[in-house]
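Per-entry structural report
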Amino acid sequence: MSPAQPGPRAKALRNPQNPQAWAASMPPLQRFLAACHADFRSDDDGAVASYIPELGKADPAHFGISLATLDGHVYEIGDSRIPFTIQSMSKPFVFALALDTLGAARVESVIGVEPSGDPFNSIRLNAENHPFNPMVNAGAIACSGLIRETKGENAFETIRDALSRFAGRALDVDEAVFASERATGDRNRAIGYLLRNSDVITVDVGAVLDVYFRQCAVLVTARDCAVMAATLANRGVNPVTGEQVVSTYAVARTLSVMTSSGMYDYAGEWIYRIGIPAKSGVGGGILASLPARLGLGSYSPRLDKHGNSVRGIHVCEALSSHYDLHMLNRSDDARSAIIADYDIGASPSRRSRRVQERNILAQHPDAVRVLELVGTLSFSNADYVSRQLARSPIRPQFVIFDLRRVTAMTPAGLRLLVELFHELAEFHVTVILSGVRRSSPEWNDITALTGDISNVRDFYLLDTAIEWAEDQIVYRYGGAIDFLETTELGEQPLLAGLTAAEIAELAALATINLYQQSERIIAAGDPATSLFFLRSGVVHVTLPDGVRLATLTAGQAFGEMALIEPQRSADVFADFSATAFEIALSDFERFRMQHPKAGETIMRNLAKLLADRLIVANARLDVLKAD
Ligand code: GLU
């Protein structure tokens, strides 16, 4: 199926001249689900389940679809908020709960994982007298038995609580459906006694069946099913609430049995054609969980001969084929992991450096390599990053990994990254991390694996990281960074070319101010009424939104934009205690009038300084990969 063409009303609304058009615009996925709903709502094939009498009362016309993304957005169409009983869709979640509650060894010792090929309610066990898998009734009743065995009277509440956390809201029970199944569920009772006979169930069978019947009668909506499925697709983290509901071990095993046995005796065909792990229930629900992508929930109570919702199957088929979502048709481009890869020769820090420092750094342009990473750091991405680093014949002395745009790290990506740090340590390359806060979970994940390697440093700001690495290069090659040094006006590049007499005249106009560490010297928005020449110490220039534009050391001017702009555009703070010559703009202007040649030289110097800054800024843009 492809999404239906918009009808006349929709067309009218889509006319860009129509003022309502934009308001009526829809994300394509919402439009697709709406088209599915419109296309399949008239399909009246199949019949509402009635072997549990109360289920027969369902309205066969009800039809709701919902899709939850892993960033927590939930699409909905039709009767997506109509409650119905979860029935067999409870099985995967209770299996996951059992794995986490009793431990995998205990659960896996009594419940198999092979498809049975039998109907869901078959009274047949495998050769070891165990249920074939947790998706058929025998396996599900065994799971409920295990929970009852450990939680006793609290067994059902434990299950309800887990299902609620998967759904992200407190779920109720349909007592009438529970009572109805309890009164008629002799086949399940037979299965229960068989399990007791083979010691899979070790407690009272009646109590276990009460837990099972009650768990099947929990009320959910198509929306709940989408969120529950998305939680499985998201490695057990509910994408709406952010809660880790079950372990990743339990999630992978649950999705495995959904893949092989989730859709009754249609499971093989289902995974072959649709390729999305799923589970259906006789209440009319289907939930489908595409790992790392989405969760789908649908509700329509008419069932086919296998017990699967007819319209729900159509929706899943359409979704899988229209967007080519079969889980075994996947690819990924690892190369998107690196957004910028450069060295300090191509893009140095924003620190304005003195000539000696500049010369040393110019001789070692590839001593510091910067890799700005982006998106999810997965197995393939981290591997690609490590090969990119090795590809260049020059071994850097420092490698900065900027993680500020990394949105997630998979366990494999994290492991490869840390293995790369160890490899670099062998070659005495210092690793610097930027863009990750020490208070973040990512930091804990990284340091839990790095152990005691000593070659890893971190600075939250990338520019600070680059600056620190540059300083180390300056020191290594005999340079010094002297924050205590005092410079005179004549050493200022802005005043280069002026005569000694002109400098002396300017010095007479200046006051020398002392600033304490962290003191604000200039405030953005204030009128620009003076120029500053840093005499000693360090200051930094910061935009009001916190972006650090430059770090200046003795011998450099700041606030010099006063020559062209009436208002300060950035803040300037003292990093350490600092002293500066301050010359009032009016005095400076008078000096320029009296010494027109010197005035011209100063303006030419200013143009040169601005051009240099522009070159650095352009280099920064260039390093963001265009290819
Ligand atoms: N409570 C139902 C039963 O055990 C669930 C069946 C199903 O949804 O597949 O018969």
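Brief notes about the environment of Leu-99
Take Leu-99: it is sitting in helix α3 (residues 90-102). Along the chain, Leu-99 and Val-246 lie 147 residues apart, while their C-alpha atoms are 9.1 Å from each other.

Some words on the pattern of salt bridges
Under the criterion given, the structure shown has 35 salt bridges. In this structure, Glu-54 engages Lys-57 in a salt bridge whose closest nitrogen and oxygen atoms are separated by 3.0 Å. Judged by relative accessible area, which is 22%, Glu-54 ranks as partly exposed. Its salt-bridge partner being Arg-273, residue Glu-269 comes within 2.8 Å of it at the nearest N-O pair. One end of the pair is Glu-269 and the other is Arg-273, both in helix α12 (residues 267-273) and 4 residues apart, which spans about a single turn. You can call Glu-269 partly exposed: its relative accessible area is 35%.

Describing the site of the ligand
The immediate surroundings of the ligand are formed by Tyr-51, Gln-87, Ser-88, Phe-120, Asn-137, Glu-181, Asn-188, Tyr-212, Cys-216, Tyr-264, Gly-281 and Val-282. Glu-181 places a side-chain nitrogen or oxygen 2.8 Å from a nitrogen atom of the ligand. One of the side-chain nitrogen or oxygen atoms of Asn-188 is found 3.0 Å away from an oxygen atom of the ligand. Looking at the shell around the ligand residue by residue, the class counts come to 6 nonpolar, 5 polar and 1 charged.

Some words on the pairing of strand β13 (residues 430-434)
Counting buried positions along β13 yields 5 of 5 residues, so the element is predominantly enclosed. By the alternation rule, side chains of β13 split into Thr-430, Ile-432 and Ser-434 and Val-431 and Leu-433, which are all buried. Pairing analysis gives 5 bridges linking strand β12 (residues 398-409) to β13, with the strands arranged parallel. Along β13, the bridge assignment pairs Ile-400 with Ile-432. Crossover connection from β12 via helix α16 (residues 411-426) to parallel β13: handedness right-handed. For β13 and strand β14 (residues 456-459), the ladder comprises 4 bridges, and the chain directions are parallel. Residue Leu-433 lies in a different strand from β14, and its bridge partner there is Asp-458.

Topic: the environment of Ser-247
Within the secondary structure, Ser-247 is located in the loop between α10 (222-233) and α11 (248-261). A sequence separation of 147 residues divides Ser-247 from Asp-100, and the C-alpha atoms of the two residues are 6.8 Å apart. Reaching out from Ser-247, the side chain makes a polar contact with the backbone nitrogen of Ala-250 at a distance of 3.1 Å.

Concerning the environment of Ile-271
Tracing the chain through its elements places Ile-271 in helix α12. Here Ile-271 falls in the buried class, since its relative accessible area comes to 18%. Distance in space between the C-alpha atoms of Ile-271 and Met-561 is 67 Å, their sequence separation being 290 residues. Residues within four places of Ile-271 in sequence aside, it is in contact with Thr-259, Ile-276, Pro-277, His-326 and Met-327.

A closer look at unusual backbone geometry
Positive phi, normally seen in glycine, also occurs at Ala-292, with a value near 65°. Looking at Ala-292, the relative accessible area reads 52%, which means it is exposed.

Considerations on α11
Taking 1.5 Å of rise per residue, the 14 residues of α11 would be expected to cover 20 Å, and the 20 Å separating its terminal C-alpha atoms lies within 8% of that figure. Buried within α11 are the following residues: Ala-250, Val-251, Thr-254, Leu-255, Val-257, Met-258, Thr-259 and Ser-261. Contacts from the buried residues of α11 go to α3, α10, α12, β6 (278-280) and β7 (285-290).

Re the sheet that holds β14
Pairing in this open sheet of 5 strands is mixed, and the strands run β10-β11-β12-β13-β14 from one edge to the other. If you trace the sheet from one side to the other, it starts and ends with β10 (338-343) and β14, each paired once. The sheet shows a mean angle of 20° between the axes of neighbouring strands, taken without regard to direction. Where helix α15 (residues 379-391) meets the sheet, its contacts fall on β10, β11 (368-377) and β12, and the angle it forms with β11 comes to roughly 165°. Sheet strands touched by helix α18 (residues 462-476): β10, β11, β12, β13 and β14. Its angle to β12, the strand with the most contacts, is close to 165°.

Some details on the packing of aromatic side chains
Scanning the entire structure with this criterion turns up 11 aromatic pairs. Taking 5.8 Å as the distance between ring centres and 90° as the angle between the ring planes, the aromatic pair formed by Phe-398 and Trp-468 counts as edge-to-face. Remark: Trp-468 occurs in helix α18 and Phe-398 occurs in strand β12; sequence separation between them is 70 residues. With respect to class, Phe-398 is no different from Trp-468; both count as buried. Put simply, the rings of Tyr-51, Phe-120 and Tyr-264 touch in pairs and so form one group of aromatic residues.

Section: the confidence of the model for the protein chain
Detailed reading of the predicted model is not advised wherever pLDDT is low. Here the protein chain shows a mean pLDDT of 92. Residues at 70 or above account for 96%. Low pLDDT, under 50, characterises residues 1-9; the stretch is placed with 16 contacts to residues that sit more than four places away or in other chains.

Comments concerning the nonpolar core
Ranked by internal contacts, the top residues of the largest apolar core, which has 70 residues, are Val-107, Ile-141, Ile-147, Leu-163, Leu-195 and Met-228. The dominant element in this core, judged by the number of residues it contributes, is α3, at 8 residues. Counting 28 residues, the second-largest nonpolar core is a separate cluster that includes Leu-377, Val-385, Val-399 and Val-406.

What counts and how
- Residues numbered from 1 in each chain as written.
- Predicted model: local features only at pLDDT ≥ 70, side-chain atom pairs only at ≥ 80, totals over all residues.
- Heavy atoms only, no water.
- Helix = DSSP H or I, 4+ residues; strand = E, 2+ residues; numbered from the N terminus.
- Salt bridge = Lys/Arg side-chain N within 4 Å of Asp/Glu carboxyl O.
- Buried < 20%, exposed > 50% of the residue type's maximum accessible area, 1.4 Å probe, protein only.
- Near = heavy atom within 4 Å.
- Polar contact = N/O pair within 3.5 Å; in protein donor to acceptor, adjacent residues only side chain to side chain.
- Nonpolar A, V, L, I, M, F, W, Y, C, P; charged D, E, K, R; others polar.
- Pairing = 2+ DSSP bridges.
- Right-handed = clockwise from strand over helix to strand, strands pointing away.
- Contact = heavy atoms within 4.5 Å.
- Expected span 1.5 Å × (residues − 1).
- Axes fitted to C-alpha atoms, helices over the stretch in contact; angles between N-to-C directions.
- Phe/Tyr/Trp six-rings, centres within 6.5 Å; stacked < 30°, edge-to-face > 60°.
- pLDDT = per-residue confidence, 0-100.
- Core = buried A, V, L, I, M, F, W, Y, C linked by side-chain atoms within 4.5 Å.

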